Amino acid sequence: DKSHHEQQLLQHRLARIGQIILVMANKGGVGKSTLTANLAAGLAREGYRVGVADADIHGPNQSRFFNLVGQRVHLTPGGLETRQCHHDRLAQPIRVGSLAFLMDRDDTPIVWRDAYKHDFMHHLIGSFDWGELDFLLIDMPPGTGNELITLADLLEHQDVAALITTTPQEVALMDSLKAVRFCQERGLPLIGVVENMAGVTCPHCGGEFHLFPRAHLAQALAQLEVQSIAQIPLSPALATASDSGQPLLLDAPDSPEAQAFQPAVHAC
Ligand code: ADP
């Protein structure tokens, strides 16, 4: 029957995927997608076969980060096509799978009940033709809602780990700690926390300052026995890179901002 067939297809896909990484954040706008794209770029630069699954249903922006806006995919005998980001610095392209490729228009809002979202999580992993991958990075929707639970269940027997993005503000931090607890309670291995907008680099003098105090973050993470594995500055270079559709780790890998992602790349 249909669900048995879908289950088989899913297992077939998963068998060809190595490490799966859920990139999480408990809020929108903290840089989760930016981190996902740069991690993908960093891993691909090291020669790994990398896929990026955009699970952020209400803000599927990975197509933007990889300059694939407006692209559409077809259903082939091998499954739904992924779109590929090619670059001189990459031995092989990064494969991107996103709901954005399936929409009639780019500005259509998604208004789905949970059952639909649940189905889409299955399709994202099972229907896209991911091929052989060393890493599949999943750009999660913010929060610890339905999609996360669906994926955590779906991937229960896989090699899966989580990364959590946060900004240093107290409000974002409190929420991120909930995501940490979710992982700990589920027994989902946590690679660590990436602090985004951790400091500001002055575009004029190159000097650095902190908008938000870091002390609370360090203390809270220590209490939960979680490591901060990378600190990414707030930088115009990062904002421009995302807008222009080229992760900084591909475009300007030697820039200090791109280098700031490297510890996270190596932690994967
Ligand atoms: P999320 O996925 O958490 O919603 P995004 O990665 O989409 O967040 O980032 C939101 C916006 O902030 C994007 O326009 C992105 O370019 C910008 N941004 C993220 N991190 C930084 C940073 N460290 N410096 C400058 N701009 C950033």
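Coordinates for the structure precede this section.
Just so we're clear, the structure is a prediction, and the values are computed from it rather than from any experiment.

A closer look at the overall build of the protein
Turning to step 1, where the next piece is worked out: Counting secondary structure elements, the protein contains eleven helices and eleven strands.
Turning to step 2, where the next piece is worked out: Considering only C-alpha atoms, the protein reaches an extent of 60 × 40 × 35 Å along its principal axes.
Turning to step 3, where the next piece is worked out: Buried residues in the protein amount to 40% of all 268 residues.
Turning to step 4, where the next piece is worked out: Pairs at least 24 apart in sequence give 80% of the contacts found in the protein among residues at least 6 apart.

Here's the deal with the nonpolar core
Turning to step 1, where the next piece is worked out: In terms of nonpolar packing, the biggest core is built from 70 residues, with A40, L137 and I138 touching the most fellow members.
Turning to step 2, where the next piece is worked out: Sequence-distant contacts of A40, defined by excluding residues within four places in its chain, comprise V50, V52, I94 and L137.

A look at the site of the ligand
Turning to step 1, where the next piece is worked out: Close contacts around the ligand come from 17 residues, with G31, K32, S33, T34 and S242 the closest.
Turning to step 2, where the next piece is worked out: Elements supplying a minimum of two residues to the shell around the ligand: α2 (32–45), β9 (190–201), β11 (228–234) and α8 (236–243).
Turning to step 3, where the next piece is worked out: Residues belonging to the shell around the ligand are distributed by class as follows: seven nonpolar, nine polar and one charged.

Some thoughts on the pairing of strand β1 (residues 17–25)
Turning to step 1, where the next piece is worked out: Among the nine residues in β1, seven count as buried, and that is most of the element.
Turning to step 2, where the next piece is worked out: In this sheet, strand β7 (residues 133–139) lies alongside β1 in parallel orientation, the contact comprising six bridges. Directly across from I17, in β7, lies its bridge partner L133.
Turning to step 3, where the next piece is worked out: Bridge count for β1 against strand β8 (residues 160–166) is six bridges, and the pairing is parallel. Bridge pairing links I21 to A161 in β8.

Some remarks on the environment of L39
Turning to step 1, where the next piece is worked out: With respect to the helices, strands and loops of the structure, L39 is situated in helix α2.
Turning to step 2, where the next piece is worked out: When the 27 C-beta atoms within 10 Å are taken as the criterion, L39 is described as buried.
Turning to step 3, where the next piece is worked out: Remark: the alpha-carbon pair of L39 and P247, spanning 208 residues in sequence, is separated by 9.0 Å.
Turning to step 4, where the next piece is worked out: If we ignore the near neighbours within four places in the chain, the residues touching L39 are L137, F261, A264, V265 and C268.

Quick look at the pairing of β9
Successive side chains on a regular strand alternate, one facing one side of the sheet and the next facing the other.
Turning to step 1, where the next piece is worked out: Counting buried residues in β9 gives nine out of twelve residues, a clear majority hidden from the surface.
Turning to step 2, where the next piece is worked out: Two strands pair when backbone bridges link them, and β8 and β9 are joined in this way by five bridges, in the parallel orientation. Its bridge partner being in β9, I164 is matched across the sheet by V193.
Turning to step 3, where the next piece is worked out: Relative to β11, β9 is paired through five bridges, and the arrangement is parallel. If you follow V193 over to β11, its bridge partner there is S228.
Turning to step 4, where the next piece is worked out: The pairing of β9 with strand β10 (residues 208–209) spans two bridges and is classified as antiparallel.

Scoring rules and cut-offs
Residues numbered from 1 in each chain as written. Predicted model: local features only at pLDDT ≥ 70, side-chain atom pairs only at ≥ 80, totals over all residues. Helix = DSSP H or I, 4+ residues; strand = E, 2+ residues; numbered from the N terminus. Buried ≥ 20, exposed ≤ 12 C-beta atoms within 10 Å, placed from the backbone. Contact = placed C-beta atoms within 7 Å. Core = buried A, V, L, I, M, F, W, Y, C linked by C-beta atoms within 7 Å. Near = placed C-beta within 6 Å. Nonpolar A, V, L, I, M, F, W, Y, C, P; charged D, E, K, R; others polar. Pairing = 2+ DSSP bridges.

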